[in-house]
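The residues making up each chain are set out below.
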Amino acid sequence: MKTKLFILSLFVSANCLAQRTETYISNWQFSRDGTSWQTVTVPHDWAINGPFDKKWDLQKVAITQNGETEATEKSGRSGALPWIGEGWYRTEVTIPDGYEHAELLFDGAMSEPLVFINGKAAGFWAYGYNAFRVDATPFISDGKLDIGVYLNNFEESSRWYPGAGIYRPVTLILTQKARIDDWSVFVKTTSIDSQGALVNVSFTAKDAKEGMKVAVYLKDPQGNFVGRKNIDMPADGKVSTDFRVTDPLLWSPESPTLYRAGISIAAMETQDDTGAGPGRGRMPGLRPLDNKEWKFGIRTVSVSKEHGFQLNGVTRKLKGVCLHHDLGPLGAAIDRDALARQIKILKDMGCDAIRTAHNMPSTWQMELCDSLGMMVMAESFDMWIYPKCKNGYARFFEQWAEKDIENLVLNHRNHPSVVMWSIGNEIPEQWSDEGRQISERLQNLIHSLDDTRPVTQGMDRAEEALGSGFAQVMDVPGFNYRVHKYDKNITQLPVGFLLGSETGSTVSSRGVYKFPVVITDNSKFASYSPNYDPAALTHADGQCSSYDTEYCPWSNLPDDDFLMMDDRTYTIGQFVWTGFDYLGEPTPYDEYWPSRSSYFGICDLAGLPKDRYYLYRSQWNTAEHTLHMLPHWTWPGREGKVTPVYVYTDLPEAELFVNGKSQGRIRKDMTQKELACDPQHPEQQKAERNVLDRYRLRWNNVKYEPGEIRVVAYDKNGNKALERSTRTAGKAERLVMSTSLIPTPSADGRYLDSESAVTHKENTIFITVTMTDGNGRLVPNAQDNLRFEVSGAGEFVAACNGDATSLQPFTQPEMRLFNGQAVIVVRANGKKGDIKVRATSLESGISKEITVNIEL
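Anyway, here's the lowdown on the structure attached to this text. (Residues numbered from 1 in each chain as written. Predicted model: local features only at pLDDT ≥ 70, side-chain atom pairs only at ≥ 80, totals over all residues. Heavy atoms only, no water.)

1. A closer look at the overall build of the protein chain
- The secondary structure content of the protein chain amounts to twelve helices and 47 strands.
- Relative to the globule expectation of 29 Å for 856 residues, the C-alpha radius of gyration of the protein chain, 28 Å, shows essentially globular dimensions.
- Dimensions of the protein chain, computed from C-alpha atoms along their principal axes, come out at roughly 105 × 65 × 55 Å.
- Sorting the 856 residues of the protein chain into buried and exposed places 61% on the buried side.
- Summarising the internal contacts of the protein chain: among those between residues at least 6 apart in sequence, 72% fall at separations of at least 24.
- As presented, the protein chain carries roughly 32,200 Å² of accessible surface, and 48% of it is formed by carbon and sulfur atoms. (Helix = DSSP H or I, 4+ residues; strand = E, 2+ residues; numbered from the N terminus. Rg over C-alpha atoms; globule rule 2.2 N^0.38 Å. Buried < 20%, exposed > 50% of the residue type's maximum accessible area, 1.4 Å probe, protein only. Contact = heavy atoms within 4.5 Å. Areas by Shrake-Rupley, 256 points an atom, 1.4 Å probe, with all protein chains shown as cover.)

Written out as C-alpha cells, the structure is:
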C-alpha cells in the first residue's frame, strides 16, 4: 500500500489547527523624543527628510584608508543628514486564535535595536545591518503584542550614511508550537553531472516529537513535482534527504531559473483529536502543523588555480560592482522597486555581480538578485577589533562577530545569487598574526554553516597582508585597488588566483566636463598629499569631470582594471567602486562643503547613468552593441578651443565628423599593455597614447564649433555598424518626462516626447525629467528649479538631481535640474486609477504632465 504524500494545502482535518502566516508589520508610530508621535510606514528612514547641514556628525578625523596622518574636518563624510540620536517605534498586533508560537523577524534596524513587547525587554541586536529574530511567544498578553523598538545612533559610528530607523521590513510569523526552524533550512546543490543534479534538503523542527510525519518535495518553475519524500520525524527533529533532479535548469545570471523546496510536518491524530467517541467518529488521520516553501536555484560554485571562478563548471570572470545600502533620495529605507531598478540598470551594462559593501544585505535585495539574475558577494564587516571610526562596530566585534556571521549565513544561504561570503573590508589587523587567526576563525565558522561557497575579504595593504599570512588563509584572496601590485601579489599566493575585490574609484559628475582634459589623481585636493594645493580646494566647484580621467591617490581608472582582467589569467574578476553614487564619502571633496555624497558611482545618486556607464557597458555587455559619444556639443564661449571627443564602444574602429568634416578614423590600440595609473611609471599618464586608447576612441585635438558632431563605427571587417550624432542645443523650450529604465536619446540625439499615458506594474515609479530645446535635444546647462505636483492614485515621495553639492531636501516637491535632468519618485497609494505627475519650471513656466496607470 502506497503512503500518500501529505501536503498541508491538500490536507483535510475536522480539527485543523491554524496554519503558518507571515505578515509584514508596516504601520507604526514613530517619535524622536518618546512623547510626540507620528504615523509612519516601515521600512522607514527618519533622517532622509533632512535638512542637510554640515553640523550633523561633523567629523574631524584622519582617514587612514586614504593615507591620511593628520585629522581634518570632514563635513559630509556620513551624509550631512540628521541620523544621530534616539528614536522610538511602537505598534500593536493581535494574535488570532489557534496559534501557539509567535516570532518577530527584523531584517535590520539602525541602530542597536532594543525590542520591548507588552512593556518587557524581549530582544536586542548590536549590529544595525543584520537580521535577527525575537521569540514573542512568552510575551503574548490577552492575544496581543504591544511592540516597542528603541534605537540609538552614535556620532562617528559610520564612514558613510547609515540611515536611521527600522529601515528594513519587520515580519510577524505565527505557527504552532511544533514548527520548522526557518533558518535551519538548507537547500543545496551538492553536484551536477550527466545524470542530473543532486540536491540536499536539511532542516530542524522545533518542539517536534518522534513519530510525527515529514514531507519534503521539490517543484520545478512550472510547479511540477520533481521529487517528494515522506519521512518519519527523528527524535532530535533533524532531517536531511537527497533528491536527484534529472535535466535540471541551472541558475545563472543569464538564466535565473528558480525551483521550490517545500517542507510539511504533521502529527498523527488520536481519537480525542477527531472529536468523536469510540465507534462514532471517523478514523484518525494526520493533523497538519507547519508548511513552507523556499525558492532555490540549482547551481554550483568553485574556484581553482586551473579554472579560476566557475559557475556550474563554466569559467567566467566576475563583472561586478560594489553597492552601499542607501537608495539615494529614498535613503536607507528599503524599497523593492528601487532595488529592482538598480539591478536592471546594472544588468543592461553587462554587470553580473554585486558586492554588498560593507555590510549584510537585505533579504529583499537577495530575493531580487535570485529572480533577476545577479551574483552576490555578501559582505559582513567594515572593521573588527581596531576601529576605523570612534563608535563603529569595533565596540561589538569580540562579543558579537560569531553571532553576526551565523545570522548572515543562515539567513541568506538558500539564495542562489550568493556565490561567496566576505568577512571584512580593509581590516586594520591585516598586518598581524592576530588578524590571520581571526580570518581563519571566521572563515571556518562559515564553512561549518555552508560548505558550498568560498570566503573572501578585501585587503588594501598587500605587503602587510601577504607578510602576515592574512591573505594566504583566504579561500579567495581579495585585493582592493593597487593593481600595479597584482603581478607581485600572485607570486605569494599558493591558490594561484586573486580577485579585484574593490577596483576603480574613478570619480565623475554627470554632465560635467573640465578643460584641459588631463589624467589626474586629484591629490591637489588632499591635505595629506605632497601635491596638496589649498587654493585648488578654495576655488573648487565640488564637481569632477565626466571625461573619466579623474581618480584618487590610492585608486585608478577603469582602463587599468580592464587590462588586468584581460591580460592576466590569474584574475577571477572585479567589483568596481561603485555602481551608484551613495550618501556620504564625498571624495575627493571630503574637506569641501557642501559636498555630501559620493562621486564614485557609475550612475549618479538619482540612478541616471554617467558617461562611465557606457565605458563599462562597451566592455561588459557582449549581447548588444554600445556606441556612446561625449561630451555634449553646446559650449558657448569655447568656439575655436580644443574640446576633445571620446567614444565608448565595443566596436573596434570609428570615424568622427564635425559639421561633416572628418576628424579622422581611428582604431583601438590593442598594443597598449602598460597601466595608466601606475605610481611607479607616472609618464604613462602624460603619454600621447596609453591604455586609454585600448578601451576608448579619443579625438584629443577637436576644436569646438557649433553644429553637429557625428560618429560612425565599424565592425572588425571594416563594415559600417552603428552611427550616432548630436547637435548644439537651442534655447530651453520643453520638458520631456519618461518612465523608461534608462532614458536615452535617439541616434540623432533627440529625447523623444514622453507618452501621454504609461502603464506600470511597479508600486514605486521613477520618472526622469529632461529639459530640451524645440527639437528634443538636451539643454545641458539647464539648471531650472522645478515644482512637482502629484494627484490621483499616487503620492510624491522624493526628487533627486544627482548633484553631490545640492542641499535641497529630497522629500520636498521641488528640485533643480542638474545639467538638464532630474528624477521624480512617486508611489501608488493603493487606490484604483491613474497617477498624474506634473513638473513646472519656476523660472520659465515650462510645464509637462505625464499619466501613469498602475496595474493593481
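2. Details of the side chain of R777
- Its location among the elements puts R777 in the loop between β41 (764-772) and β42 (785-792).
- Comment: no salt bridge for buried R777; closest opposite-charge side chain is D748, at 4.7 Å.
- Here R777 is in contact with R727, A729, D748, G749, R750, M771 and T772, once residues within four sequence places are set aside. (Lys, Arg positive; Asp, Glu negative; His and termini not counted. Salt bridge = Lys/Arg side-chain N within 4 Å of Asp/Glu carboxyl O.)

3. Notes on the packing of helix α2 (residues 336-349) against helix α10 (residues 611-620)
- For the pair α2 and α10, the least separation of the axes is 7 Å and the interaxial angle reads 55°. Judged by the angle between their axes, α2 and α10 are oblique. Packed against α2, whose contacting residues are I345, D348 and M349, the element α10 presents Y613, Y616, R617 and W620 at the interface.
- For the contact of α2 with α10, a count of residues per class yields five nonpolar, no polar and two charged. (Axes fitted to C-alpha atoms, helices over the stretch in contact; angles between N-to-C directions. Parallel < 35°, antiparallel > 145°, perpendicular 65-115°, else oblique. Nonpolar A, V, L, I, M, F, W, Y, C, P; charged D, E, K, R; others polar.)

4. Description of the nonpolar core
- Ranked by size, the top nonpolar core spans 226 residues in total, and within it W28, Y89, V321 and F381 carry the most contacts.
- Here V321 is in contact with L346, M349, C351, A353, I354, R355, F575, V576, G579, I602 and W620, once residues within four sequence places are set aside.
- Membership of the second largest hydrophobic core comes to 27 residues, among which are A197, M212, F243 and Y259. (Core = buried A, V, L, I, M, F, W, Y, C linked by side-chain atoms within 4.5 Å.)

5. Notes on the sheet that holds strand β38 (residues 720-727)
- Read from one edge of the open sheet, four strands run β35-β34-β37-β38, paired in antiparallel fashion. Taken across any chain shown, the strands that pair with only one partner, and hence form the sheet edges, are β35 (661-667) and β38. Neighbour-to-neighbour, the strand axes of the sheet open up by a mean angle of 15°, direction not taken into account. (Pairing = 2+ DSSP bridges.)

6. Brief notes about the packing of aromatic side chains
- For the coordinates displayed, the defined rule picks out 38 aromatic pairs.
- Between W577 and Y582, the aromatic rings sit 5.7 Å apart at their centres with planes inclined by 80°, giving edge-to-face as the arrangement. The same class applies to W577 as to Y582, namely buried.
- When the centroid spacing of 5.1 Å and the interplanar angle of 55° are considered together, the rings of Y616 and W620 count as tilted. Residue Y616 and its partner W620 are both found in helix α10; the two are separated by four residues, about one turn of the helix. (Phe/Tyr/Trp six-rings, centres within 6.5 Å; stacked < 30°, edge-to-face > 60°.)

7. Side note on the pattern of salt bridges
- This model, assessed by the stated rule, comprises 51 salt bridges.
- With a closest N to O distance of 2.7 Å, R20 and E22 form a salt bridge.

8. A short note on the environment of S598
- Tracing the sequence through the fold places S598 in the loop between β31 (571-577) and α10.
- Residue S598 is classed as buried on the basis of its relative accessible area, which comes to 1%.
- Sequence separation between S598 and I854 is 256 residues, and the spatial gap between their C-alpha atoms is 33 Å.
- Those residues in contact with S598 that lie beyond four places of it in its chain are D581, Y582, G584, E585, P586 and A804.

9. Structural notes on the sheet that holds strand β36 (residues 697-699)
- The strand order across the open sheet built from three strands is β32-β33-β36, with neighbouring strands paired in antiparallel fashion. In the strand order of this sheet, the two ends are held by β32 (627-630) and β36, each with one partner. Each strand axis lies, on average, 15° off the axis of its neighbour in the sheet, ignoring direction.
- Of the strand pairs in this sheet, β32 and strand β33 (residues 645-649) are connected by four bridges, and their pairing is antiparallel. Directly across from H628, in β33, lies its bridge partner Y648.
- Sheet strands touched by α10: β32 and β33. Its angle to β33, the strand with the most contacts, is close to 40°.

10. Focus: the packing of α2 against helix α3 (residues 363-372)
- Between α2 and α3, whose axes approach to 10 Å, the crossing angle comes to 40°. Taken together, the axes of α2 and α3 lie oblique to each other. In terms of crossing hand, the pair formed by α2 and α3 is right-handed. Contact residues: α2 offers R336, L339, A340, I343, K344 and K347, while α3 offers W364, Q365, E367, L368, C369 and L372. (Left-handed = near helix turned anticlockwise from the far one by under 90°.)

11. A few points about empty space enclosed by the protein
- In this structure the tally under the stated criterion is eight cavities of 30 Å³ or more.
- Taken as a whole, the largest cavity encloses approximately 290 Å³ of empty space.
- Forming the walls of the largest cavity are 23 residues, and the residues nearest its centre are Y127, Y129, S157, G392 and Y393.
- Residue composition of the lining of the largest cavity, grouped by class: eleven nonpolar, eight polar and four charged. (1 Å grid on protein atoms, 1.4 Å probe; cavity = no way out; pocket = protein on both sides within 12 Å on 5 of 7 lines; lining within 4 Å. Points joined across faces, edges and corners; volume = space filled by probe spheres on them.)

12. Brief notes about unusual backbone geometry
- The linkage connecting A357 with the following residue, H358, adopts the cis geometry, with an omega of -5°.
- Tracing the chain through its elements places H358 in the loop between β25 (353-356) and α3.
- For the peptide bond that leads from T587 to P588, omega is 10°, which places it in the cis range.
- The phi dihedral of D57 falls on the positive side, at around 50°, and the residue is not glycine.
- For D57, a relative accessible area of 6% gives the class buried.
- Phi at N312 takes a positive value of approximately 55°, unusual for a residue other than glycine.
- Within the secondary structure, N312 sits in the loop between β22 (308-311) and β23 (314-315).
- Take N312: its relative accessible area is 18%, and that puts it in the buried class.

13. Some thoughts on helix α5 (residues 433-449)
- Over its 17 residues, α5 extends 25 Å from the first C-alpha to the last, a length consistent with the 24 Å expected when each residue adds 1.5 Å.
- Within α5 the residues assigned to the buried category are G435, I438, S439, L442, Q443, I446 and L449. Down the axis of α5, the buried set is contained in an arc of 125°. They therefore lie on one face.
- Taken together, the buried residues of α5 touch β14 (186-193), α4 (397-412), β27 (418-425) and β28 (455-459). (Expected span 1.5 Å × (residues − 1). Arc of directions from axis to C-beta.)

14. Some words on the environment of L442
- With respect to the secondary-structure elements, L442 resides in helix α5.
- Linking L442 and V455, residues 13 residues apart in sequence, is a C-alpha distance of 9.2 Å.
- Not counting residues up to four positions away in its chain, the partners in contact with L442 are F381, W384, F397, A401, E402, I405 and I423.

15. Structural notes on the side chain of T571
- Turning to its location among the elements, T571 is positioned in strand β31.
- In this structure the side chain of T571 is engaged in a polar contact, spanning 2.8 Å, whose partner is the backbone oxygen of R568.
- Aside from chain neighbours lying at most four places away, what touches T571 is K317, Y486, L498, M564 and M565. (Polar contact = N/O pair within 3.5 Å; in protein donor to acceptor, adjacent residues only side chain to side chain.)

16. What about the environment of W384?
- Tracing the chain through its elements places W384 in the loop between β26 (375-379) and α4.
- Using a relative accessible area of 0% as the deciding quantity, one classes W384 as buried.
- Expressed as a C-alpha distance, the spacing of W384 and T744, which sit 360 residues apart in the sequence, is 44 Å.
- There is a polar contact of 3.0 Å between the side chain of W384 and the backbone oxygen of I423.

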